[in-house]
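Structural overview
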Amino acid sequence: MAPVDATLLLATDRLTALFHRHAAVKEVSLLFPSNTVTAIIGPSGCGKSTLLRCLNRMHELSDGAWVTGKVLLEGVDIYGGEVDAVQVRRRVGMVFQRPTPFPTMSIFDNVAAGLRVDGRLPTSQVATAVERALQQAALWDEVKDRLHTSAVALSGGQQQRLCIARAVAPQPDVLLLDEPTASLDPAGTQRIEELCHELKRRYTIVIVTHNMQQAARVSDYTAFLYLGQLIEAGRTRDLFTKPRLEQTEAYLTGRFG
Amino acid sequence: MTVRALRRRAVSALMTGLVAGLCLLAVLPLLFILGDLVAKGASSIDWHFFTRSPAPAGESGGGVANAIAGTGVIVGLAGLIGLPVGIGAGIFLAEYGAGRLGFFVRFVADVMNGTPSIVVGIFAWTFIVKPVGHFSALAGAVALAVLMVPMIARTSEEMVRLVPHSLREAALALGYPRWRTSLRVVVRSALSGIVTGSLVAIARVAGETAPLLFTALGNLNFTTDVSQPMQTLSLQIYVYATGPFDEWHRLAWAAALVLMGLVLVLALFARWVTRERYGAR
């Protein structure tokens, strides 16, 4: 398991995620230390995306989806009765497998979208925040001259970095990445991976990937999930070089999954 | 070239030709109608046609200014009533219409879409004209609005449904409340489709005659008072076309041409409104 001495921002406690009566994630207890990248790996259908979607309460939006156990954000269970899911999602940003720029909005408006909801930020500060977010997403130099043009005219890789900018603009505590490079070419993939190293200085990152090399490259900690169960978790270096369980080693060496 | 490749080419050419021919067949009636209208109506259209009200029976001259204004007023009023209700219902159906209420509303809308427009006219007569005691443009507008609502509701629903689920999720993940996600992201993405659907519905009811026969009734004089009977182009065409005078028949053709022209302008306007905002896509 991850060391407990790291600053504890996000953790799950016996988290079970269900669709109707089928459990996709079973009693997973994990720690996500602050300012690190944690990779969740495992074969298709092992529940890694579902686990991720439980961390910002997106899971419950699906038909018949519900959750037992806890997800602790700074010690507070986000599934507690008095917690508002919308507020949770503002603190835990998310980027999806396919880039999802809002097609009716310009590049600027896309990044500003999360800042403007409920008018949380005075207009004068929006421009500053948008520039900062685009800088953090390493997209500023490419788009600074066309901020008010359509976001869908960008390339796939740029769109994905735009989505990262949009997610970090409201300065969340946690950034969830759900296979963020699955639809990108190698160059785009590399940029996103480099970005992970930059972004973890400010945010706690959880990345789901089916690509083990990617997990090895970008993450500090890795959790291996199989059939909804947490098989093994630990420092990425340790897990990849000397996994404690036979099952983990089998997956890492490509013998199943 | 092999025989197989030649055969494929021949079949491909044949099918393309067939489809093109059928397409032509589909637009042919429209072209005939338009051509006929221009041939028979264009000669009767002059400045007076747009500026004057009809001349008394038997006299020549006069125009359809009252009918053009009436069509504008009644259809505009119908849109004012029908668009918010129809679009609202459509958004509800697409976003929250999974339950029993949604099923019920959808079913009613489908039934109403198939209801003959004259029945809607009778409905408006029963509930507005009869209690009030006289025919009025307002009653006509309500009848047209009732016709528009199910059309707009169903097209709006389809358009909102076409918005990818991923966009909705992206907005929710950003901390948008559900209603705001619906309005700011989902409906905005579907807006061009909704506008097109609405304008098509407006164009459809602009040509309706049956529901206006016993609601707006018609009026030989120019009026914009919605509590009074009012003329529309479709009613004017009906009166002129069924009348005994050759002069009237000519005017009916001309009025039909003007009505088609209005619908065409509306369609072009719809195209213009929904053009791609950023050009490149």
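Residues numbered from 1 in each chain as written. Chains lettered and ligands numbered in written order. Predicted model: local features only at pLDDT ≥ 70, side-chain atom pairs only at ≥ 80, totals over all residues. Heavy atoms only, no water.

This brings us to helix α6 (residues 156–168) of chain A. All names here are of chain A. Given a rise of 1.5 Å per residue, 13 residues ought to cover 18 Å, and the 19 Å separating the end C-alpha atoms of α6 matches this to within 8%. Within α6, twelve of the 13 residues are buried, which leaves it mostly tucked inside the rest of the structure. All of the buried residues along α6 are Gly157, Gln158, Gln159, Gln160, Arg161, Leu162, Cys163, Ile164, Ala165, Arg166, Ala167 and Val168. (Helix = DSSP H or I, 4+ residues; strand = E, 2+ residues; numbered from the N terminus. Expected span 1.5 Å × (residues − 1). Buried < 20%, exposed > 50% of the residue type's maximum accessible area, 1.4 Å probe, protein only.)

So, on to the interface of chain B and chain A. Listed as interface residues are 19 residues of chain B and, on the opposing side, 28 residues of chain A. Between chain B and chain A, the buried area comes to about 2,100 Å², and carbon and sulfur atoms account for 63% of it. For the pair chain B and chain A, the interface holds one salt bridge. In this structure, Arg53(A) and Glu169(B) form a salt bridge, with 2.6 Å as the shortest nitrogen-oxygen distance. Our count for the chain B to chain A interface comes out at three residue pairs in polar contact (both at pLDDT 80 or more). Contributing elements (two or more residues each) for the side of chain B that touches chain A: α7 (165–173) and α8 (178–206) of chain B. (Contact = heavy atoms within 4.5 Å. Buried area = accessible area lost by both parts, 1.4 Å probe. Salt bridge = Lys/Arg side-chain N within 4 Å of Asp/Glu carboxyl O. Polar contact = N/O pair within 3.5 Å; in protein donor to acceptor, adjacent residues only side chain to side chain.)

Glancing now at the pattern of salt bridges. In total, this model carries 22 salt bridges over all chains according to the counting rule given. The closest approach of N and O atoms between Arg244(A) and Glu232(A), which form a salt bridge, is 3.7 Å. Here Glu232(A) lies in strand β10 (residues 229–235) and Arg244(A) lies in the loop between α9 (236–241) and α10 (246–252), a separation of twelve residues in the sequence. In the salt-bridge network here, residues are joined through shared partners; they are Arg106(B), Asp110(B), Arg154(B), Glu157(B) and Arg161(B).

Bringing the side chain of Arg106(B) into the picture now. In this fold, Arg106(B) is placed in helix α4 (residues 100–113). Among the polar contacts listed, one links the side chain of Arg106(B) to the backbone oxygen of Leu93(B), at a separation of 3.3 Å.

All names here are of chain B. You can see Met148 is positioned in helix α6 (residues 137–162). The sequence separation of Met148 and Asn113 amounts to 35 residues, and the corresponding C-alpha distance is 8.7 Å. Aside from chain neighbours lying at most four places away, what touches Met148 is Ala78, Gly79, Leu83, Ala201, Ile202 and Val205.

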